[in-house]
Amino acid sequence: MKFVILIHSNPQPWGHPTCDTLAEFQALPPEEQARLGKEFDDVLAEMTERGELIGGEALADPRSSTLFRYEGGARVSVDGPYAETKEQLAGFFLIDVASRERAEEVAAYFSGPGETVELRPAMWPGGSDE
Amino acid sequence: MTDDVGLIWREQAPLVLTALLRRSRDFDACEDAVQDALVDAARSWPRSGVPDDPRAWLVRVASRRLVDRHRAEAARQRRERVVVDPAATAPAADQPCVVVDHDDTLALMLRCAHPDLTDASRIALILRAVGGLSTAQIAAGFLVPEATMAQRISRAKATLRQADEPLPPAAPHDVAARLDAVRTALSLIFTEGHTTSGGDRLLDLDLAREAIRLTERLHRALPDDGETTGLLALMLLGAARFDARSDEQGELIPLEHQDRRRWDRAMIARAVAMLESTLPVGPVGPFQLQAAIAAVHAESPTAETTDWRQITVLYRMLDRIAPSPPVALNLAVAVGMADGPQAGLEALRRIESPVLERNHRFHAARAHLLERDGQREPARAAFLRAAELTRSIPEQRYLRRRAEIR
């Protein structure tokens, strides 16, 4: 089953990996930083090995986005960012795993200090009749 | 390629591959050789006609291609050795070509069910090696990019190569566990096909039909294996309802509202006959019990006449030998149908758990029971909660509709 793992973060200045410019992450002792980094790399390698990682992208600064709306009978565009909140969508991964449990197991490793990771199931077209 | 050639190919490819694997353990080289033979067939059969014995033809051509590949590889290695070692060994003599005259489906499936592989890899390998499907077709069936599926398959093959198993694989005591893994994989392929109506129709792949075709072959190889028979019967009983489970708009029609005249009676009769012959023999496993439950539904002329007592008994047995949250849930539903909504609600209360709390079917079952018990508002809330949790678009529409009915 497919899920997206959404990384909500606010690196200052904007960049990737987000932990490079997150104060909360930088405040950690170096060995703790290394441990978190290695755990994430290991999970990513394992997911690649198992064919669970479909794709993903790191996203550019939310201020570089353009918003499109329909207002007063016309389509109009304005400059981003979209959300007023501090945390912005920084990147996403699309995964295909055997179960929700597996998705939760791997998604936990995408989180780090100072940011929130959202695991969202994808909808599928079919249904069961029972 | 014409449909005829395509069908012959899908039937013969695994047999040809098995024939080659008897001579070489290099899965990739054998597969490449088999693909080469297909290209040759696609080129020459339309002109010269399909040979009388297409398998012998394909094995002959594929073997020749495999030898060519080995020879080219050996020559390359020899050249390298000549540089470092003037006393290079002579090339190996060509081995005679062994034509398989029996179905090696079982050996190949057991090999694809290696314990080091994940279910996803086993599924992909079985469809590729036994089903003869292309990576593109498998990827389309599972709605993932072709590159992802290609990676999954090549990693799985690398794992098998490392394991370096002879064919037929697996020590006898491993066979039972591997067979379980094969059946699980086939059942997952069927479920995927049963629930996913998306995918690239141009590739014309019906995973449910493919799962049945493969299970039929496993059943032919192991006619006396009760669980394989049970799995096949279960699939046939599910497939018999395909046409009745959605309306013209593609909306989901649940079991109790389906037009039972649209069920495939011949398919149901075949599944029931299979079950009647296998159930009295030997130990009864989970697939046989699930099939028996499906058969009770299938044999009832209307939803109202369903023998819920018998279904309750069967779910109790299933709950004993293979307990799981979905089985507990189905048991509670059956109790509710047999003994009334309050008994069902009580059964649901007993099995509440954090896992089921997030399961849309738990809330849908509660909603149906609450509604039958006349508790309209709680029922509505439960339908809406179920709609929030489901990942299926038709199911979500159905549950929202139910929430609005007054």
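Refer to the structure presented above.
Residues numbered from 1 in each chain as written. Chains lettered and ligands numbered in written order. Predicted model: local features only at pLDDT ≥ 70, side-chain atom pairs only at ≥ 80, totals over all residues.

## Quick look at the overall build of chain A
Reasoning step 1: When helices and strands are tallied, chain A shows 3 helices and 6 strands.
Reasoning step 2: What you see for chain A is a C-alpha radius of gyration of 17 Å, clearly larger than the 14 Å of a compact globule of 130 residues, by over 25%.
Reasoning step 3: Expressed along its principal axes, the backbone C-alpha trace of chain A runs to roughly 55 × 50 × 20 Å.
Reasoning step 4: Burial status across chain A gives 22% buried among its 130 residues.
Reasoning step 5: The contacts of chain A with a sequence gap of at least 6 include a subset with a gap of at least 24, amounting to 70%. (Helix = DSSP H or I, 4+ residues; strand = E, 2+ residues; numbered from the N terminus. Rg over C-alpha atoms; globule rule 2.2 N^0.38 Å. Buried ≥ 20, exposed ≤ 12 C-beta atoms within 10 Å, placed from the backbone. Contact = placed C-beta atoms within 7 Å.)

## Digging into the overall build of chain B
Reasoning step 1: Counting its regular elements, chain B contains 19 helices and 0 strands.
Reasoning step 2: For chain B, buried positions account for 40% of its 406 residues.
Reasoning step 3: A separation threshold of at least 6 residues defines the contact pool for chain B, and within that pool the share at least 24 residues apart is 62%.

## Details of the nonpolar core
Reasoning step 1: Formed by 119 residues in total, the largest nonpolar core has its most connected members in Val16 and Leu237 of chain B.
Reasoning step 2: When residues no more than four places from it in sequence are discounted, the contact partners of Val16 of chain B are Val34, Ala37, Arg55, Leu58, Val59 and Ala62 of chain B. (Core = buried A, V, L, I, M, F, W, Y, C linked by C-beta atoms within 7 Å.)

## Comments concerning the pairing of strand β4 (residues 74-79) of chain A
Reasoning step 1: In terms of burial, β4 of chain A is largely open, as just 0 of its 6 residues are buried.
Reasoning step 2: Between strand β3 (residues 66-71) of chain A and the antiparallel strand that follows it, β4 of chain A, lie 2 residues; Gly72 of chain A among them carries a positive phi value of about 55°. (Pairing = 2+ DSSP bridges.)

## Remarks on the interface of chain B and chain A
Reasoning step 1: On the chain A side, the residues contacting the 25 residues of chain B number 15 residues.
Reasoning step 2: Those elements that place two or more of their residues in the side of chain B that touches chain A are α5 (119-130), α7 (146-163) and α19 (393-404) of chain B.
Reasoning step 3: Per-element tally for the side of chain B that touches chain A: the top contributor is α7 of chain B, with 4 residues.
Reasoning step 4: Residue composition of the side of chain B that touches chain A, grouped by class: 9 nonpolar, 9 polar and 7 charged. (Nonpolar A, V, L, I, M, F, W, Y, C, P; charged D, E, K, R; others polar.)

## Here's the deal with helix α12 (residues 286-299) of chain B
Reasoning step 1: Compared with an ideal rise of 1.5 Å per residue, which puts 14 residues at 20 Å, α12 of chain B spans 20 Å between its outermost C-alpha atoms and is within 8% of the ideal.
Reasoning step 2: Summarising burial for α12 of chain B: 13 of the 14 residues are buried, a large majority. (Expected span 1.5 Å × (residues − 1).)

## Concerning unusual backbone geometry
Both trends apply: most residues other than glycine have a negative phi, and most peptide bonds are in trans.
Reasoning step 1: Looking along the chain, the bond that leaves Gln12 of chain A and enters Pro13 of chain A is cis, with omega of -5°.
Reasoning step 2: Topologically, Pro13 of chain A is positioned in the loop between β1 (2-9) and α1 (23-26).
Reasoning step 3: Going from His16 of chain A to Pro17 of chain A, the amide bond is cis rather than trans, its omega being -10°.
Reasoning step 4: Mapped onto the elements of the fold, Pro17 of chain A is located in the loop between β1 and α1.
Reasoning step 5: One non-glycine residue with positive phi stands out, namely Leu143 of chain B, at about 55°.

## A word on the sheet that holds strand β5 (residues 88-96) of chain A
Residue and element names in this part refer to chain A.
Reasoning step 1: As summarised here, the arrangement of the 4 strands in space is β2-β5-β1-β6, forming an open sheet in which the pairing is antiparallel. In the strand order of this sheet, the two ends are held by β2 (53-58) and β6 (116-121), each with one partner. This sheet shows a mean twist of 20° between the axes of neighbouring strands, independent of strand direction.
Reasoning step 2: Pairing of β1 with β5 involves 8 bridges; the strand directions are antiparallel. Looking at β5, one finds that His8 is bridged to Leu89.
Reasoning step 3: The strands touched by helix α3 (residues 100-107) within the sheet are β1, β5 and β6, with β6 carrying the most contacts at an inclination of about 160°. (Axes fitted to C-alpha atoms, helices over the stretch in contact; angles between N-to-C directions.)

## A closer look at the packing of α5 of chain B against α7 of chain B
All names here are of chain B.
Reasoning step 1: For the pair α5 and α7, interaxial distance at closest approach is 9 Å and the crossing angle is 90°. Between α5 and α7, the angle falls in the class roughly perpendicular. Residues Ala120, Ser121, Ala124, Leu125 and Arg128 of α5 lie in contact with α7, whose contacting residues are Met149, Arg152, Ile153, Arg155 and Ala156.
Reasoning step 2: Classifying every residue of the contact of α5 with α7 by side-chain character gives 6 nonpolar, 1 polar and 3 charged. (Parallel < 35°, antiparallel > 145°, perpendicular 65-115°, else oblique.)

## A closer look at helix α4 (residues 105-112) of chain B
Reasoning step 1: With respect to burial, α4 of chain B is a largely interior element, 7 of its 8 residues being buried.
Reasoning step 2: Buried within α4 of chain B we find Thr105, Leu106, Leu108, Met109, Leu110, Arg111 and Cys112 of chain B.

## Describing the packing of α12 of chain B against helix α13 (residues 308-321) of chain B
Residues and elements named next belong to chain B.
Reasoning step 1: For the pair α12 and α13, interaxial distance at closest approach is 10 Å and the crossing angle is 165°. In terms of orientation, α12 and α13 fall into the roughly antiparallel class. Judged by the sense of rotation from one axis to the other, the crossing of α12 with α13 is left-handed. Of the residues in α13, those in contact with Pro286, Leu289, Gln290, Ala292, Ile293 and Val296 of α12 are Gln310, Ile311, Leu314, Tyr315, Met317, Leu318 and Ile321.
Reasoning step 2: When grouped by side-chain class, the residues that make up the contact of α12 with α13 number 11 nonpolar, 2 polar and no charged. (Left-handed = near helix turned anticlockwise from the far one by under 90°.)

## Considerations on the environment of Val117 of chain A
Reasoning step 1: When you line up the elements, Val117 of chain A lands in strand β6.
Reasoning step 2: Contact partners of Val117 of chain A, with chain neighbours within four places excluded, come to Ile5, Ile7, Ala107, Phe110 and Ser111 of chain A.

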